[in-house]
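Analysis of the macromolecular model
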Amino acid sequence: MRGVMEITKGVHLHFIQSEKFKTNKIKVRFSAPMFEKTIAGRVLTASMLETSNALYPTSQSFREKLANLYGANFSTSLSRRGLVHYLDINLSFVRDQFLSRKNVLTDEMLEFLKASLFSPLSNGDAFDAKTFEIEKKNVLTDLEAEIENHFYHAHRKLNDLFYDLSEMRIPRVGTVELVEKETAESSFSTFQKMLKEDQIDFFFIGNFNEIAVRDKIQDFHFAEREQPLELMYQQNYSNVTRENLEQREVHQSIIELAYHFSAQYGDSEHLPLIVLNGLLGGFAHSKLFVNVREKESLAYTISSNFDIFSGLLRIYAGIDRANRTKTIALINRQILDLKRGNFTDDELEQTKKMLKNSILLAQDRQNTLIERAYMSAVLGKKFLSLEAWLESLENVRKNEVIKAAQQLKLQAIYFMEGK
């Protein structure tokens, strides 16, 4: 069962009542347009929020308080869709029916959340300098570790080549250069802007007294807000293939290919595109895996995925440097085969079956159900219920997959040349 309540303009509560899980979960999502000038401040705010607040000013007292709430969990995460950046606060805690006293834990968790949002560790104009410097150092260490991850680096380089708009090239976690520029004042000011201007969605999954929760959140006194959020980003295809070759001290080389497509969320080509990606590189029976990795032994690892919110289908592979030309030719051959309909009915049915299983398995995760509630709220009629999605998947025909494949146009190639 799912219900939505508006607290004030731009602030909503979503309830997903469920007996399925041992824990209750609350997710608070702050959504704002992706901007170069605010991303690093948001990343550092996320870090500050999950370690301390004015009531629990040290990370030890913060963790001890959570431990006393029957081992509750409080964390933050960052993500993006199209031109929207999300900062999520995640709280999970034991359901009341496993405790002797009722409704106490939900109240305490909401109090803890309120302290984090409205009594942060600050002097009123800036985050606490000492704690901020520690968190900034941690964020920079994490970002530098990401850059050392060769696939992460290759993904970023391909994004730089593919996307025309600079905002689309910024990772959800910011960049070292942007984070280095941040101060305790600038990040705090970004946090205050979030509280005043971001669209805020509260998700409650598990067992909740909706009226009591609503009354509690109304005490947070959020002001009205209206954020123009663009989940869909679409750019024109350019008939110039963009290429970049980079040499690095790595044992295996990496090839990444970006294909442009024009289908958008909810279009008639959306589900055929999901099936197409499954046939191409989403599973162990997919063409890339079977033909490039298994038969020809050209790749140590190979996969494909696509982002319906930004018109990019990505293929990436770990290969030997000497096999670059051969691998690209064989990858393009797999796409050409899909465009020509060179795949069997059995392969099509197996792919649909795998997709069905993975979406059904995902329903056992609280986060999946929260994302579905969010997408339903923001996309309205375009959003398909689980039943409608499964039915549409079942009805995807071979000619529709061919039509979806014909949208794919190679736009960018990045090659990291190893030793």
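Scope of this entry: the structure provided in the associated data block. Computed from a predicted structure; not experimentally measured.

Tracing the backbone through its elements, the reader meets L113 in helix α3 (residues 104-118). Classification of L113 by relative accessible area gives buried; the value is 0%. Separated by 39 residues in the primary sequence, L113 and F74 place their C-alpha atoms 8.8 Å from one another. The residues touching L113, leaving out its near neighbours within four places in the chain, are V28, F74, I89, L91, F202 and F220.

So, about the pattern of salt bridges. Within the structure shown, the criterion is met by 18 salt bridges. Two residues, E19 and R95, come together in a salt bridge whose shortest N-O distance is 2.7 Å. Placement of E19 in the loop between β2 (11-17) and β3 (23-33) and of R95 in the loop between β5 (84-94) and α3 is noted, with a sequence separation of 76 residues between them. On the basis of relative accessibility, which here comes to 57%, the residue E19 falls in the exposed class. Ionic contacts of the salt-bridge type, sharing partners, join the residues K27, R29, R81, D88 and E371 into one network.

Of all eight residues making up strand β8 (residues 253-260), eight are buried, and the element is well covered by its neighbours. The side-chain alternation of β8 yields two buried faces, one formed by S253, I255, L257 and Y259 and the other by I254, E256, A258 and H260.

Core analysis: the biggest nonpolar cluster contains 62 residues, and L257, Y259 and I315 have the highest contact counts within it. Considering each element in turn, this core owes the most residues, seven residues, to helix α10 (residues 270-282). With residues up to four places along the chain from it excluded, the contact list for Y259 reads F162, G311, L312, L313, I315, I331, N332, I335, L408, K409, L410 and Q411. Counting residues in hydrophobic clusters, the runner-up holds 58 residues, among them A46, F112, Y152 and F222.

Here α3 spans 21 Å end to end across 15 residues, near enough to the 21 Å set by a 1.5 Å rise per residue. Every buried residue of α3 is accounted for by L105, T106, M109, L110, F112, L113, A115, S116 and L117.

Given two aromatic rings, one states the distance between the centres and the angle between the planes to describe the pair. Evaluation of the coordinates by the stated rule reveals 24 aromatic pairs. Ring centres 5.7 Å apart and planes at 50° place the aromatic pair F118 and F222 in the tilted group. Residue F118 is located in helix α3, and its partner F222 is located in the loop between α9 (210-218) and β7 (242-247); the two are separated by 104 residues in the primary sequence. You can call F118 partly exposed: its relative accessible area is 37%. A residue is classified by how much of its surface remains accessible, and F222, at 10% relative accessible area, is buried. Aromatic side chains Y265 and F309 sit 5.7 Å apart centroid to centroid with 20° between the ring planes, which places their arrangement in the stacked category. Taken as a pair, Y265 in the loop between β8 and α10 and F309 in the loop between β9 (299-307) and β10 (312-319) lie far apart in primary sequence, 44 residues in all. Judged by its relative accessible area of 13%, Y265 is buried. An aromatic cluster of three or more residues is present, and its members are F15, F93, F118, F202, F204, F208, F220 and F222.

About the cut-offs
- Per chain, residue numbering runs from 1 following the sequence as it is written.
- This being a predicted model, a pLDDT of at least 70 is required before a residue's local features are given, and a value of 80 or more before pairs of side-chain atoms are given or counted; all residues contribute to the totals for chains, interfaces and linings.
- Processing note: side-chain calculations cover all non-hydrogen atoms of the structure and skip hydrogens and water entirely.
- Going along the chain from the N terminus, every DSSP run of H or I of four or more residues is numbered as a helix, and every run of E of two or more is numbered as a strand.
- Whether a residue is buried, partly exposed or exposed follows from its accessible area with a 1.4 Å probe, protein chains only, as a fraction of its type maximum: under 20%, in between, or over 50%, in that order.
- Throughout, a residue-residue contact means that at least one pair of heavy atoms, one from each residue, lies within 4.5 Å.
- By salt bridge we mean one thing: a side-chain nitrogen of Lys or Arg within 4 Å of a carboxyl oxygen of Asp or Glu.
- Only buried residues count toward a nonpolar core. Its members are Ala, Val, Leu, Ile, Met, Phe, Trp, Tyr and Cys residues joined through side-chain atoms within 4.5 Å.
- One less than the number of residues in a helix, times 1.5 Å, gives the span that helix is expected to have.
- The criterion for an aromatic pair is that two Phe, Tyr or Trp rings (for Trp, the six-membered ring) have centres within 6.5 Å, with stacked assigned to planes under 30 degrees apart, edge-to-face to planes over 60 apart and tilted to the rest.

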